[in-house]
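The chain contents come next:
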Amino acid sequence: MFVPKITYISFQEEVFEIDVPVGESVMEGAVRNGIDGIVAECGGSCLCATCHVYVDEKFLPLLPAVDEEQDAMLDSTACERLPNSRLSCQIKVRPELDGLIVRMPEYQK
Ligand code: FES
């Protein structure tokens, strides 16, 4: 079965290419593989903003619009919110997201 690859880049420019099954979130893929840089304190409930990532611009059109809940949480990220800021727990992996690149902020809390 096809498993999309997600690339996570740390603030220190370390690159991690991880197979993340369809249906899993970008946050879950990171946590399951022990990637530092995504803390995910709330476990994916859109309540902590410690799964903040910067999504590579070319993938933004493939992501669902930021809903009200995520928008509010993105206002409380530890590092600066940018137009490409997203909560990685709110990005569900789909086959079209194969090759997705996310950058992690310097710190999460
Ligand atoms: S894991 Fe808490 S908001 Fe994403």
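Model, not experiment: these values are computed from the prediction.

Peer 1: Sorry if this is basic, but what is going on with the environment of valine 3 here?
Peer 2: Mapped onto the secondary structure, valine 3 falls in the segment before β1 (5-9). Once the C-alpha coordinates of valine 3 and aspartate 19 are considered, the two residues, 16 residues apart in sequence, prove to be 6.0 Å apart. Those residues within four positions of valine 3 in sequence are excluded, and the remaining contacts are Asp19, Val20 and Pro21.

Peer 1: Quick question: what am I supposed to make of the pairing of strand β3 (residues 52-55) here?
Peer 2: Put simply, side chains in a regular strand alternate between the two faces of the sheet. Burial along β3 is two-sided: His52 and Tyr54 facing one way and Val53 and Val55 facing the other are all buried. In the sheet, β3 pairs with strand β4 (residues 85-87) via three bridges, with the strands oriented antiparallel. Each residue of the ladder has a partner; that of valine 53, found in β4, is arginine 86. With two bridges connecting them, β3 and strand β5 (residues 101-103) associate as antiparallel partners. By the bridge assignment for β5, valine 55 is matched with valine 102.

Peer 1: What exactly am I supposed to notice about the side chain of threonine 77 here?
Peer 2: Mapped onto the fold, threonine 77 is located in the loop between α2 (68-74) and β4. Overall, threonine 77 belongs to the buried group, its relative accessible area being 13%. Here leucine 74 takes part through its backbone oxygen, which lies 3.4 Å from a polar atom of the side chain of threonine 77. Within polar-contact distance, the side chain of threonine 77 engages the backbone oxygen of cysteine 79 at 2.7 Å. Among all residues touching threonine 77, those that are not within four sequence positions of it are Ala49 and His52.

Peer 1: I keep staring at the pairing of strand β2 (residues 15-19) and nothing clicks. Help me out?
Peer 2: With five bridges joining them, β1 and β2 adopt antiparallel strand pairing. By the bridge assignment for β2, lysine 5 is matched with aspartate 19. Between β1 and β2, which pair antiparallel one after the other, the connecting turn spans five residues, and glutamate 13 there sits at a positive phi close to 70°.

Peer 1: I'm lost on the sheet that holds β2 in this one. Help?
Peer 2: The strands making up a sheet associate through hydrogen bonds between their backbones, and the pairing can be parallel or antiparallel. If you walk across this open sheet you meet the five strands as β2-β1-β5-β3-β4, and the pairing is mixed. Of all the strands in the sheet, the pair left with one neighbour each is β2 and β4. For this sheet the average axis-to-axis angle between neighbouring strands, irrespective of direction, equals 35°.

Peer 1: I tried to follow the environment of serine 88 on my own but got confused; where do I start?
Peer 2: Along the chain, serine 88 falls in the loop between β4 and β5. Excluding residues within four positions of it along the chain, serine 88 makes contact with Ser25, Val26, Met27, Ile38, Cys51 and Val53.

About the criteria used
Residues numbered from 1 in each chain as written. Predicted model: local features only at pLDDT ≥ 70, side-chain atom pairs only at ≥ 80, totals over all residues. Heavy atoms only, no water. Helix = DSSP H or I, 4+ residues; strand = E, 2+ residues; numbered from the N terminus. Contact = heavy atoms within 4.5 Å. Buried < 20%, exposed > 50% of the residue type's maximum accessible area, 1.4 Å probe, protein only. Pairing = 2+ DSSP bridges. Polar contact = N/O pair within 3.5 Å; in protein donor to acceptor, adjacent residues only side chain to side chain. Axes fitted to C-alpha atoms, helices over the stretch in contact; angles between N-to-C directions.

Without other data, these values stay purely geometric and don't point to any function.
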